[in-house]
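# Geometric and topological summary
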Amino acid sequence: MILLKDILAVTSYEEFINSEEAREFFEANRKKIVDMSKDEKKSAIITDKYIYITSYTTRALYSRGNENENIKSKIKWR
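Cut-offs and rules
Residues numbered from 1 in each chain as written. Predicted model: local features only at pLDDT ≥ 70, side-chain atom pairs only at ≥ 80, totals over all residues. Heavy atoms only, no water. Helix = DSSP H or I, 4+ residues; strand = E, 2+ residues; numbered from the N terminus. Buried < 20%, exposed > 50% of the residue type's maximum accessible area, 1.4 Å probe, protein only. Contact = heavy atoms within 4.5 Å. Areas by Shrake-Rupley, 256 points an atom, 1.4 Å probe, with all protein chains shown as cover. Pairing = 2+ DSSP bridges. Axes fitted to C-alpha atoms, helices over the stretch in contact; angles between N-to-C directions. Core = buried A, V, L, I, M, F, W, Y, C linked by side-chain atoms within 4.5 Å. Salt bridge = Lys/Arg side-chain N within 4 Å of Asp/Glu carboxyl O.

Along the protein, the regular secondary structure elements total 3 helices and 4 strands. Beginning at the N terminus, the succession of helices and strands in the protein can be written as β-α-α-β-β-β-α. Burial status across the protein gives 26% buried among its 78 residues. Counting only contacts in the protein whose residues sit at least 6 apart along the sequence, the fraction spanning at least 24 positions is 42%. Approximately 6500 Å² of the protein is accessible, and the part contributed by carbon and sulfur atoms is 50%.

On to the sheet that holds strand β1 (residues 7-12), then. On the basis of which strands lie adjacent, the open sheet formed by 4 strands has the order β1-β3-β4-β2 and mixed pairing. Each of the sheet's edge strands pairs with one partner strand only, and the pair in question is β1 and β2 (33-35). Strand-to-strand, the axes of this sheet are offset by a mean angle of 20°, without reference to chain direction. Note that strand β3 (residues 43-47) and strand β4 (residues 51-54) share 4 bridges and pair antiparallel. Among the inter-strand pairings, I46 is bridged to a residue of β4, identified as I51.

Okay, the nonpolar core next. Ranked by size, the top nonpolar core spans 9 residues in total: Y13, F16, A22, F26, I33, A44, I46, I51 and I53. Here I46 is in contact with D6, I7, L8, A9, F16, F25 and I51, once residues within four sequence places are set aside.

Further remarks concern the pattern of salt bridges. A full pass over the atoms with the stated rule returns 3 salt bridges. Measuring nitrogen to oxygen at the nearest pair gives 2.9 Å for the salt bridge that ties R23 to E20. Separated by 3 residues within a single helix, R23 and E20 lie in helix α2 (residues 20-28), roughly one turn from each other.

So, on to the side chain of T47. Locating T47 in the fold gives a position in strand β3. Excluding anything up to four places from it in sequence, T47 contacts I2, D6, I7, L8 and Y52.

A few words on the environment of V34. With respect to the helices and strands, V34 occurs in strand β2. On a C-alpha basis, the gap between V34 and I45 in space is 9.7 Å, while along the polypeptide they are 11 residues apart. Other than its neighbours up to four places away in sequence, V34 contacts Y50, I51, Y52 and I53.

That is the geometry; function is a separate question.
This is the structure:
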């Protein structure tokens, strides 16, 4: 699980890897990469500490993040 507050960017893996600047960033931060994809790489989640590669689409990640925020807003902490 990655906390929403730690996420700097979420991007499509294809867009991430096909951009010259992104490839340079990827190579410079190679030791920070955590590949969590089982099959096809679909997204990259960038945090200060790591770059997570996942098999989830950016849309699925966005939906899950929104779902989490909606649940948190409905819980009343005492």
